[in-house]
Amino acid sequence: MEFISFNEADTIILCKGDSVLINSSGNTSYQYSWLPANNIDNPTSPSPTVWPDQTTTYTVEITNFVGDTCSILKSVTVVVPEAIQLDVVNDTVSCGEPVDLAASANVSPLTLNWYDSAGALIANGPTISVDIVADDFIVVEGVDQYSCKASDTININFEAIDIVIIADELACPDSTVQLMVSNNVGDHNLTYHWSTQPPASILSPDDEAVVSVITGPAGTSSFIQLTATNQFGCEASESVEITSHDFIPEFESLIKACAGDTVELNPNGNSSQQYS
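Bear in mind that the values here come from a model prediction, so they are computed numbers and not experimental data. (Residues numbered from 1 in each chain as written. Predicted model: local features only at pLDDT ≥ 70, side-chain atom pairs only at ≥ 80, totals over all residues. Heavy atoms only, no water.)

Caption draft 1: The arrangement of the sheet that holds strand E17 (residues 176-183) in detail. Read from one edge of the open sheet, four strands run E15-E17-E20-E19, paired in antiparallel fashion. The outermost strands of the open sheet, each flanked by one partner alone, are strand E15 (163-166) and strand E19 (201-203). On average, adjacent strands in this sheet sit at an angle of 30° to one another, irrespective of strand direction. Relative to E17, E15 is paired through four bridges, and the arrangement is antiparallel. (Pairing = 2+ DSSP bridges. Helix = DSSP H or I, 4+ residues; strand = E, 2+ residues; numbered from the N terminus. Axes fitted to C-alpha atoms, helices over the stretch in contact; angles between N-to-C directions.)

Caption draft 2: Focus on the sheet that holds strand E7 (residues 86-88). Across the sheet, three strands lie side by side as E7-E9-E12; this open sheet has antiparallel pairing. The strands lining the two open edges of the sheet, one partner per strand, are E7 and strand E12 (127-130). Adjacent strand axes in the sheet meet at a mean angle of 20° when their direction is disregarded. Sheet analysis places strand E9 (residues 99-105) next to E12, joined by four bridges and oriented antiparallel. Looking across to E12, one finds that Ala 102 is bridged to Thr 127.

Caption draft 3: A look at the pairing of strand E13 (residues 136-144). Of all nine residues making up E13, seven are buried, and the element is well covered by its neighbours. Where strand E10 (residues 110-115) and E13 come together, six bridges link them in antiparallel fashion. Note on E13: the bridge partner recorded for Thr 111 is Val 143. Alignment of E13 against strand E14 (residues 149-158), held across eight bridges, turns out to be antiparallel. By the bridge assignment, Asp 136 is partnered in E14 with Ile 156. (Buried < 20%, exposed > 50% of the residue type's maximum accessible area, 1.4 Å probe, protein only.)

As structure tokens, then:
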């Protein structure tokens, strides 16, 4: 009587969604009958491939017809751990500041690995703070104690505001000057709010891309602040300092003269000033 061999382990760990070859050293001269016959490619194969979606014990009857017919029953349990279900933050927006991301899962223990868009490991753990300078994505991967894995991708849109205030930083005292803002990101719809402190003042409206400002007295300076907000909730502030010229015209408004005399107008005029 020939001894029937069966060299498969009693238990195999299989991640959900994967498949595994069992009894890889099966003898083709024997007859095999595997039960249950579901999620198996060939229930009469010596070495079938199985892909159960839950823990399943496969029992096989192996028959040897050489000499006296004999049979043995063997079994192997394919353990399918609970599938990892990651709970991650939704796709998000960066306003130019670091973005906090978080992930959790339904199984424990679990290792969470974070990868950048180039595939490099950048952190481990349930939370991470990332700083991006353009549209990007981050991949989070959960690995359980059986080395089963699941992953998800978080897309991050870079929506930092880029504005520049266009203005002359020197102006005549007590005059009206215009300031405007340049929006350097084409798809940003911006809302504005201009503000200042005395001695300068802002003529309404103060919520447009162009604003009129009344400058302060000669020799004074004022900061004009602008806050811009885009459709993604990002906010940015810029300011410009406007200085009023220290300008006091030297001019004599009354000169006494006799009829027929020639007189010099404004004899004490400042040659560094322009008159017309």
